[in-house]
Amino acid sequence: MRNPFLVLRRSTALIVFLLPVFDSSAAPRPENMADGYITGSVESAEGPEAGVWVIAETAELKTPFIKIVVTDDDGRFVLPELPEATYSVWVRGYGLTDSIPIEGRPGDTDVQLRAVLAETPAAAAKVYPPNYWYSMFEPPSADQFPGTGPTGNGISPQMQTQKQWMNNLKSACNFCHQLGTEITRQLDHMDHLGFESAEEAWEYRTRLGVRGGNMQAAFLAFGRENAMQVFSDWTTRIADGELPPVPERPQGIERNVVLTLWDWGVADSFMHDEISTDKNDPTVNGYGPIYAVSSGHGKLTVLDPVENDTWEIIIPTREDPREVSSRFPPPGTPSNFWGNQHLWGPEHPSDPHNPMLDRKGRVWMTSKIRNDQPDWCMEGSDNKFAQYYPLTFSNRQASYYDPETEEFVLIDTCFATHHLQFDNDPDQTLYFNELLGPVVGWINTREFDMHGDEQAAQGWCPQILDTNGDGRITRPWNEWPGQPWSESDENINPRRDTEVRYNLYSVIPSPVDDAVWGASEQFPGHIVRVDPGANPPETCITELYQVPDPGFDPRGIDIDSNGIVWAALAGSSHFARFDRSQCDVLNGPDTLDGTHCEDGWTLFRTDGPTFSGSDVPSDFHYFGWVDQHNVIGFGEDTPIATGSNSDALLVLDPDSGEWTTLRVPYPMGFYHRGLDGRIDNIGDGWKGRALYANYGTHLVWHIEGGLGSLGKLVKFQIRPDPLAR
């Protein structure tokens, strides 16, 4: 569907709106929709302060509420769409220290805010984004690889290159939370434990709490001695007064952003993702609730953005929840914050991971409903997919919540589920990746709605490459040897097709054909194209494409309305564009390792500082999203990366390679794992459309404010100019 409604000229702060036509009618604007505003200006001892944030927050609504805007060239501001309440209004900006809050209410005009110039560079740096502090981290130089182990340079011999080391730093250490936040760049909160050195403190802190096992594994993968040295060097230099580079204040269109934040969840929630609408029709669920999955607590977290209210709903399991296992173990070493408390899993073990809305406004999600794999998935079954490629393991299945009936429907799947995405086909097929396996699975939701038969409605494809080049997949094939193939492998029969197993982190169906794409993090990273064909599983066929140098580590994957794939490279900090039409070869023996189509790739490196002694940015891009329908106003098919370590959404102009940074300055700690965009009302200008993302850190107590802070939902709007109301 190609319906641009808004054209944004990136070189100015002007936005021109054009109205689109969607199949769905727009939702009427609720009568109780907030429309209050506060206007004023910001000045310091040096005069008007341009490009600083004005923040209004209140605890008088049903859930705490924050509105944030940016001042214009003359230091003026307008805080729009404020519900009736008393607000604390204050200023944050680079080069400043936070101002003393004053009281304000909707209707207040010409409010004069006094900005406070930072007395020292150190005082100013307290509010710098975490990636700026993290850029001071100094990885081992390239000439120290391959590692020589504990009796050599302390780097693990498994680390063959600096890029592989950086890949572990980004995708393992940044996987759960930000690095560079106040708590991660300091060791002060551990002084009471009496460590003799920073190295000892770092080795201990990576074993703590609910994610201690994961942190310790990532730490040891570097090589224990090396990891202790480089991490302690970083925090020691910061403790000694070394400071990061200075970030720029918002410029141009970045000053048009309006941020609205609501508290939701509880003080130990791990909410992986949110969803507001149907990706294929962003007018679905206009003005309706926003949903997030609380993974550790097995709940659906809901926020009503009109009533400013939030609540949670327990996600059921098919088996007795007391018998369903949890992937979250109790802490091996007590947390500094929670002690030995088993935070996640044992009470409600459904472990939801990712939600999506369908055309009916139902919330589909990946969630666990049982333990053991049913017989009909495995060898000996009469299920045609199990006969073709039996599956013995599924640690998470599927479910949906219907807001109209307030009921859950649970669906067993033979394949494991992780991320999920709807196709734009008449069946509204829902595709899944496994994370711990190579299979692409699906549920035909129209078929399931008609008959309720979970076995008949699902299917899956393995990853089989057409390496004999005959245009189809036939048995027997070269079976996966347990590690990536090489062209010199003696076990390869050139007359056969070849099985590969690249575990997929994400999945996206193409809007222009029947293919489904996935991203695999297996170093240096690959994207996989699976075409189910007319009669799956017999017609399933796979293509493999390796990320070219200098890129590595694709995680999030999306696609534009023309079938161009976009992959966020979390490790190398690129947004990668892949155009399959540029490939001269699609099958045959030369496609075995995926290096046959470098011409299809274009890499866009993201903005921001780089690690000390490296050209790799210190930001982390957990996921990416393509604004196919021009929801937010930067143009149809605009790619947006998550600045998960920079408190920002990063908007790319592919024609110029320029980035627009939509920063969330407060509370610091905006670690987000995805985003989506919704049009509430097509005719309501900038007020009727927004992007949404949530604070998705595993450790919500790392957010500014510390223990007791709650996760937030963030709404992004782009108005025509900084004073529009």
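Residues numbered from 1 in each chain as written. Predicted model: local features only at pLDDT ≥ 70, side-chain atom pairs only at ≥ 80, totals over all residues. Heavy atoms only, no water.

**Remarks on the overall build of the protein**
Inference 1: When helices and strands are tallied, the protein shows 8 helices and 42 strands.
Inference 2: Each principal axis of the C-alpha atoms in the protein carries an extent, and together these give about 80 × 65 × 55 Å.
Inference 3: The burial tally for the protein puts 63% of its 725 residues in the buried class.
Inference 4: At a minimum sequence separation of 6, the contacts of the protein that also span at least 24 residues come to 64%.
Inference 5: Put simply, the protein shows about 26500 Å² of open surface, and 46% of that area lies on carbon and sulfur atoms.
Inference 6: Averaged over its 53 positive side-chain charges, the protein has a centre that lies 2 Å from the centre of its 105 negative ones. (Helix = DSSP H or I, 4+ residues; strand = E, 2+ residues; numbered from the N terminus. Buried < 20%, exposed > 50% of the residue type's maximum accessible area, 1.4 Å probe, protein only. Contact = heavy atoms within 4.5 Å. Areas by Shrake-Rupley, 256 points an atom, 1.4 Å probe, with all protein chains shown as cover. Lys, Arg positive; Asp, Glu negative; His and termini not counted. Charge placed at Lys NZ, Arg CZ, Asp CG, Glu CD.)

**So, the state of the cysteines**
Inference 1: Applying the stated rule across the entire model yields 3 disulfides.
Inference 2: C461 shares a disulfide with C540; S-S distance 2.0 Å. Taking the sign of the S-S torsion, about -65° here, the bridge from C461 to C540 comes out left-handed. Highlighted residues: C461 in strand β25 (residues 458–461) and C540 in the loop between β30 (526–531) and β31 (541–546), separated in sequence by 79 residues.
Inference 3: A residue is classified by how much of its surface remains accessible, and C461, at 1% relative accessible area, is buried.
Inference 4: Here C583 engages in a disulfide with C597; their sulfurs sit 2.1 Å apart. Handedness here is read from the sign of the S-S torsion; for C583 and C597, about -95°, the answer is left-handed. One end of the pair, C583, is in the loop between β34 (574–578) and β35 (601–605); the other, C597, is in the loop between β34 and β35, and 14 residues separate them in sequence. (Disulfide = S-S within 2.5 Å.)

**Some words on the sheet that holds strand β16 (residues 299–304)**
Inference 1: Pairing within the open sheet is antiparallel, and its 4 strands lie in the order β14-β15-β16-β17. This sheet does not close on itself; its edge strands, each paired only once, are β14 (271–275) and β17 (309–314). Across the sheet, the axes of successive neighbouring strands diverge by a mean angle of 20°, strand direction being ignored. (Pairing = 2+ DSSP bridges. Axes fitted to C-alpha atoms, helices over the stretch in contact; angles between N-to-C directions.)

**As for the sheet that holds strand β39 (residues 658–663)**
Inference 1: Overall, antiparallel pairing links the 4 strands, which are arranged β36-β37-β38-β39 in an open sheet. Of all strands in the sheet, those bounded by a partner on one side alone are β36 (624–627) and β39. Pairwise comparison of adjacent strand axes, ignoring direction, gives a mean angle of 25° for this sheet.
Inference 2: Here strand β38 (residues 648–653) runs beside β39; their pairing, made up of 6 bridges, is antiparallel. Considered in β39, the bridge of L650 is made with T661.

**Quick word on the packing of helix α4 (residues 198–205) against helix α6 (residues 224–239)**
Inference 1: Where α4 contacts α6, the axes come no closer than 8 Å and their chain directions differ by 110°. Considering the angle they form, α4 stands roughly perpendicular to α6. As for the relative orientation of α4 and α6, their crossing is right-handed in sense. Contacts from A198, E199, W202 and E203 of α4 reach α6 at R224, M228, Q229, F231, S232, W234, T235 and T236.
Inference 2: Its residues assigned to classes, the contact of α4 with α6 comprises 5 nonpolar, 4 polar and 3 charged. (Parallel < 35°, antiparallel > 145°, perpendicular 65-115°, else oblique. Left-handed = near helix turned anticlockwise from the far one by under 90°. Nonpolar A, V, L, I, M, F, W, Y, C, P; charged D, E, K, R; others polar.)

**A closer look at the packing of aromatic side chains**
Inference 1: Enumeration over the complete set of coordinates arrives at 44 aromatic pairs.
Inference 2: An angle of 55° between the planes, with centres 5.7 Å apart, marks the rings of F219 and F231 as tilted. Within this pair, whereas F219 is found in helix α5 (residues 212–222), its partner F231 is found in helix α6, the two being separated by 12 residues in sequence. Of the two residues, F219 and F231, both sit in the buried class.
Inference 3: Both rings, one in Y401 and one in F408, keep their centres 4.9 Å apart while their planes meet at 45°; by these two values the pair is tilted. For the pair shown, Y401 and F408 are each scored as buried.
Inference 4: Put simply, the rings of Y134, F137, W165, W202, F219, F222, F231, W234 and F611 touch in pairs and so form one group of aromatic residues.
Inference 5: Cation over ring: R725 sits above Y37, and NZ or CZ is 4.0 Å from the ring centre. (Phe/Tyr/Trp six-rings, centres within 6.5 Å; stacked < 30°, edge-to-face > 60°. Lys NZ or Arg CZ within 6 Å of the ring centre and 35° of its normal.)

**Things to note about the pairing of β16**
Inference 1: Among the 6 residues in β16, 5 count as buried, and that is most of the element.
Inference 2: The turn joining strand β15 (residues 290–294) and β16, which pair antiparallel and follow one another in sequence, is formed by 4 residues; a positive phi near 60° is taken by G298.
Inference 3: Bridge analysis of β16 against β17 gives 6 bridges, and the strand direction is antiparallel. From the neighbouring strand, K299 faces β17, where its bridge partner is I314.

**Quick word on the packing of helix α3 (residues 162–173) against α5**
Inference 1: Between α3 and α5, the least distance of the axes is 10 Å, while the angle of their chain directions is 170°. Looking at the two axes, α3 sits roughly antiparallel to α5. On α5, the residues touching W165, N168, L169, A172 and C173 of α3 are A218, A221 and F222.
Inference 2: Across the contact of α3 with α5, the residue classes tally to 7 nonpolar, 1 polar and no charged.

**Description of the nonpolar core**
Inference 1: Counting residues in hydrophobic clusters, the biggest one holds 75 residues, and the most contacted among them are F137, W165, L169, F231 and F716.
Inference 2: With 6 residues, α6 is the single largest residue contributor to this core.
Inference 3: Setting aside chain neighbours within four positions, we find L169 in contact with Y134, F137, N174, F222, F231 and F611.
Inference 4: Counting 57 residues, the second largest nonpolar core, distinct from the first, contains I275, F432, W477 and V507. (Core = buried A, V, L, I, M, F, W, Y, C linked by side-chain atoms within 4.5 Å.)

**A short note on the confidence of the model for the protein**
Inference 1: On average, residues of the protein score 94 in pLDDT, and 96% of them reach the 70 mark or higher.
Inference 2: The low-confidence segment residues 1–20, where pLDDT is below 50, has 76 contacts with residues more than four positions distant or belonging to other chains. (pLDDT = per-residue confidence, 0-100.)

**Description of the environment of P536**
Inference 1: With respect to the helices and strands, P536 occurs in the loop between β30 and β31.
Inference 2: What makes P536 buried here is its relative accessible area of 14%.
Inference 3: Taking the C-alpha atoms as reference points, P536 and L187, 349 residues apart in sequence, are found 55 Å from one another.
Inference 4: Residues contacting P536, with those up to four places away along its chain left out, are K384, F385 and W442.

**Side note on the layout of surface pockets**
Inference 1: In this structure, the second largest pocket encloses a volume near 810 Å³.
Inference 2: Every residue lining the second largest pocket is counted, 43 residues in all, and those nearest its centre are E182, I183, R185, Q186 and D188.
Inference 3: At the level of secondary structure, the elements contributing two or more residues to the lining of the second largest pocket comprise α2 (130–134), α4 and α6.
Inference 4: For the lining of the second largest pocket, the element with the most residues is α6, which contributes 4 residues.
Inference 5: Split by residue class, the lining of the second largest pocket holds 19 nonpolar, 14 polar and 10 charged. (1 Å grid on protein atoms, 1.4 Å probe; cavity = no way out; pocket = protein on both sides within 12 Å on 5 of 7 lines; lining within 4 Å. Points joined across faces, edges and corners; volume = space filled by probe spheres on them.)

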